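# Working through the structure, step by step
The lines below spell out each chain.
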Protein chains: 2
Amino acid sequence: MAKKATRAAERREDALSRERIVEAAIELLDEEGESGLTFRALSTRLATGAGAIYWHIANKSELLVAASDAIVLRALADVGDRASPRKTVRNIAAGLFDAIDAHPWVGAQLYRAPWQAAMLQVFERIGRQLQALKVPAAAHFRSASTLVSYIVGVSVQNAANGRLFDPPVDREEFLERVADRWKALDADEYPFTRKVATQMRKHDDRAEFLGGIDLILAGVVRSS
Amino acid sequence: MAKKATRAAERREDALSRERIVEAAIELLDEEGESGLTFRALSTRLATGAGAIYWHIANKSELLVAASDAIVLRALADVGDRASPRKTVRNIAAGLFDAIDAHPWVGAQLYRAPWQAAMLQVFERIGRQLQALKVPAAAHFRSASTLVSYIVGVSVQNAANGRLFDPPVDREEFLERVADRWKALDADEYPFTRKVATQMRKHDDRAEFLGGIDLILAGVVRSS
DNA sequence: ACCTGAACACCGTTCAAGT
DNA sequence: ACCTGAACACCGTTCAAGT
């Protein structure tokens, strides 16, 4: 945490740094997708040699972790603590949902490095709200990890949906197409899915997601 | 579905086929991990040329989807329908949890191809139990997708935990080490996480997971 | 129809050499 | 201390040529 207290002014504007590399990686991932992040493309963007990056970052895996950590931590930083505990949980959930929706590549990363900086912060922030809600201490771990699992799971899945079709389509058309696919399923093998196809087409992922949070929160508080 | 009704006897024992390729891919993934699946290793194992595989399968992405679909569908097939709806949901959840735990590489795949064959089957099977539980039709889609998201999310995360340390450690030691790490966290920044470290060390992921299912199921039925 | 394996266009990573 | 960029050991995928 206490790195170096040296004058920031000394830094050359164009000097390479871990942060600048991570920032460029995020841009590349957002613009080109996961396959767009290569050390060659990255070094071109940073106007340096491919090997220079290795002076600041151990390898690609570490770079991906750093990039997704940055996104998650930024999203968490944007969520205040002043609202009621219930509302704060909803805000954290919505913040993550939106951040992962905007940067879908974060999803894969969160699962590759669980309990790392980013996930741990989510867990901590959620946990504090549970304390404020007077959830009994014995249920703290279970409640917090259920919520975190749900939040991350749904957010990642929602973001993945956006890439189901190639070329990508907007939400409206996406739902239309999946609904059509569901309606065309075999009547004997998929009676349930066929029936809910219309419901699916009209649903709002984000609203349903927040509904799910309320549902789990209700269960957590009630069963305490 | 109605492919070719020709005599199966005609097939040479050693002939390449989509199934044989998928089976070999699963073995490779289980033995060597995701990075172990290359077309070179695969063709060596199948005693053929690298290009031969492309006659049966379009590309690596399709191969990964086929391999993870196979694992999930097999797990679902092992779950009966005879128990009570509630119990069947638990059984499906437990079956997926165990399957993904045994084949951790499946996790990444499920998110890459959502609403594909495998996930759709999970959704359908869960949905039918909700119908049996008399959940009102209007809540069908929401309830089923909440459950599926939770089941897949937790299972994938649990499987990812197994690879947090390198070299891999057993469950006991894993929990011990994470707990130690949590206890060493900054007291001001991570008060909640520090406090639940001991709870974490003693918890049983699988049991908590099934507890979470009951919790959501209770919420689904009650709020109907 | 199905298989072979060399060839192509990429990768991540290393490292001697520079400043 | 930090950067360069060629070189190495890989990849996935294609495709002319075989049977």
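Here is a short report on the structure shown in this document. (Residues numbered from 1 in each chain as written. Chains lettered and ligands numbered in written order. Predicted model: local features only at pLDDT ≥ 70, side-chain atom pairs only at ≥ 80, totals over all residues. Heavy atoms only, no water.)

### A closer look at the overall build of chain A
To be explicit about the condition: Working definition: helices are DSSP H or I runs of at least four residues, strands are E runs of at least two. Numbering for both runs from the N terminus. Only protein chains enter the calculation, and the probe is 1.4 Å; a residue is then buried if its accessible area is under 20% of its type maximum, exposed if over 50%, and partly exposed in between. Contacts are residue-level and defined by heavy atoms, with any inter-residue pair within 4.5 Å sufficient. Only the protein chains shown count as cover for residues, with accessible areas throughout obtained via the Shrake-Rupley method and a probe of 1.4 Å. By the counting scheme adopted, Arg and Lys are positive, Glu and Asp are negative, and His together with the chain ends is not counted. Charged side chains are reduced to one point each, which is NZ for Lys, CZ for Arg, CG for Asp and CD for Glu.
The helix and strand tally for chain A stands at 12 helices and zero strands. Secondary structure elements of chain A occur, N-terminal to C-terminal, as α-α-α-α-α-α-α-α-α-α-α-α. Projected onto its principal axes, the C-alpha coordinates of chain A cover approximately 65 × 45 × 25 Å. Residues counted as buried form 50% of the 224 residues belonging to chain A. In chain A, the proportion of contacts linking residues at least 24 apart, taken out of those at least 6 apart, comes to 65%. As displayed, chain A offers around 11,300 Å² of accessible surface, 50% of which is attributable to carbon and sulfur atoms. In chain A, 31 side chains carry a positive charge and 30 a negative one; their mean positions are 6 Å apart.

### With respect to the relation of the copies chain A and chain B
Stated formally: When the copies are superposed, the least-squares fit takes in the C-alpha atoms of residues with a pLDDT of at least 70 in both.
Under the fitted operation, chain A is carried onto chain B by 0.0 Å of movement along the axis and a turn of 180 degrees, and the coordinates agree to an RMSD of 0.0 Å. Both chain copies can therefore be described as sitting about a two-fold axis. Considering only C-alpha atoms, the part of chain A nearest the rotation axis is Gly153 of chain A, at 2.1 Å. When the interface residues of chain A are mapped onto chain B, 96% of them again fall at the interface, so both copies present the same face.

### Here's the deal with the protein's contact with DNA strand D
In plain terms, the rule: Note on definitions. A residue lies near a molecule or strand when any single heavy atom of the residue is within 4 Å of it. In protein, a polar contact means a hydrogen-donor-capable atom and an acceptor-capable atom, both N or O and within 3.5 Å, with residues adjacent in sequence counting only if both atoms are side-chain atoms; elsewhere, any N or O pair within 3.5 Å suffices. Basically, the charged four are Asp, Glu, Lys and Arg, the nonpolar ten are Ala, Val, Leu, Ile, Met, Phe, Trp, Tyr, Cys and Pro, and anything else, Gly included, counts as polar.
In the vicinity of DNA strand D, 16 residues are found, and the nearest of them are Thr48 and His56 of chain A together with Arg40, Tyr54 and Lys60 of chain B. For DNA strand D, the fraction of atoms within 4 Å of the protein that belong to sugar or phosphate moieties is 54%. The contact in question runs from a phosphate oxygen of DNA strand D to an N or O atom on the side chain of Tyr54 of chain B, over 2.9 Å. Mapped onto the surface near DNA strand D, the elements with two or more residues apiece are helix H3 (53-56) of chain A together with helix H2 (39-45) of chain B. Taken together, the residues that form the surface near DNA strand D break down as seven nonpolar, seven polar and two charged.

### Here's the deal with the interface of chain A and chain B
Applied cut-off: Accessible area that two parts lose when put together, evaluated with a 1.4 Å probe and summed over both, is termed the buried area. Salt-bridge detection follows one rule: a side-chain nitrogen of Lys or Arg within 4 Å of a carboxyl oxygen of Asp or Glu.
Across the boundary between the two partners, chain A contributes 53 residues, which contact 51 residues of chain B. Considering only the side of chain A, the residues that lose the most area to chain B are Phe141, Gln157 and Phe192 of chain A, jointly responsible for 16% of the buried surface there. Remark: the boundary between chain A and chain B carries two salt bridges. Between Arg142 of chain B and Glu208 of chain A there is a salt bridge; the shortest N-O distance is 3.6 Å. If you list the elements that add at least two residues to the side of chain A that touches chain B, you get helix H6 (106-112), helix H7 (117-132), helix H8 (140-161), helix H10 (191-195), helix H11 (197-202) and helix H12 (205-222) of chain A.

### Concerning helix H5 (residues 85-102) of chain A
Residue and element names in this part refer to chain A. Our working rule: Multiplying 1.5 Å by the residue count of a helix minus one yields the expected span of that helix.
Taking 1.5 Å per residue as the helical rise, H5 with its 18 residues ought to reach 26 Å, and the 26 Å between its terminal C-alpha atoms agrees with that figure. Looking only at H5, the buried set comprises Thr88, Val89, Ile92, Ala93, Ala94, Gly95, Leu96, Phe97, Ala99 and Ile100. Here the buried face of H5 lies against helix H4 (60-77), H6, H7, H8 and H12.

### A word on the environment of Thr38 of chain A
The residue Thr38 of chain A is located in the loop between helix H1 (18-32) and helix H2 (39-45) in this model. A sequence separation of 21 residues divides Thr38 of chain A from Ser17 of chain A, and the C-alpha atoms of the two residues are 17 Å apart.

### Details of helix H10 (residues 191-202) of chain B
Condition: The reported arc concerns the directions from the helix axis to the C-beta atoms and nothing else.
The complete set of buried residues in H10 of chain B reads Phe192, Thr193, Val196, Ala197 and Met200 of chain B. Projected down its long axis, H10 of chain B shows its buried positions confined to an angular sector of 160 degrees, all on one face. Across H10 of chain B from its buried face, at more than 90 degrees, point the exposed residues Lys195 and Lys202 of chain B. Along its buried surface, H10 of chain B packs onto H7 and H8 of chain A together with helix H9 (171-183) of chain B.

### A word on the protein's contact with DNA strand C
For DNA strand C, the set of nearby residues contains 16 residues, the closest of which are Arg40, Tyr54 and Lys60 of chain A together with Thr48 and His56 of chain B. Between DNA strand C and Gly51 of chain B, the relevant distance is 3.3 Å, taken from a base oxygen to a main-chain nitrogen or oxygen of the residue. Partitioning the surface near DNA strand C into residue classes produces seven nonpolar, seven polar and two charged.

### Quick word on the packing of aromatic side chains
To keep things clear, this is the line we draw: Here a pair means two rings of Phe, Tyr or Trp (six-membered ring of Trp) with centres within 6.5 Å. Their orientation is stacked below 30 degrees between planes, edge-to-face above 60, and tilted elsewhere. Note on criteria: charge over ring means Lys NZ or Arg CZ within 6 Å of the ring centre, with the direction from the centre no more than 35 degrees off the ring normal.
In the structure shown here, the tally under the stated rule is 17 aromatic pairs over all chains. Ring geometry for Phe97 of chain B and Phe209 of chain B: centres 4.9 Å apart, planes at 20 degrees, overall stacked. Here the residue Phe97 of chain B occupies a position in helix H5 (residues 85-102), and Phe209 of chain B occupies one in helix H11 (residues 205-222), the gap between them amounting to 112 residues. These aromatic residues form a ring-pair network of at least three members: Phe123 and Phe141 of chain A together with Trp182 and Phe192 of chain B. A cation sits over an aromatic face here: Arg177 of chain A above Phe165 of chain A, 4.6 Å from the ring centre.

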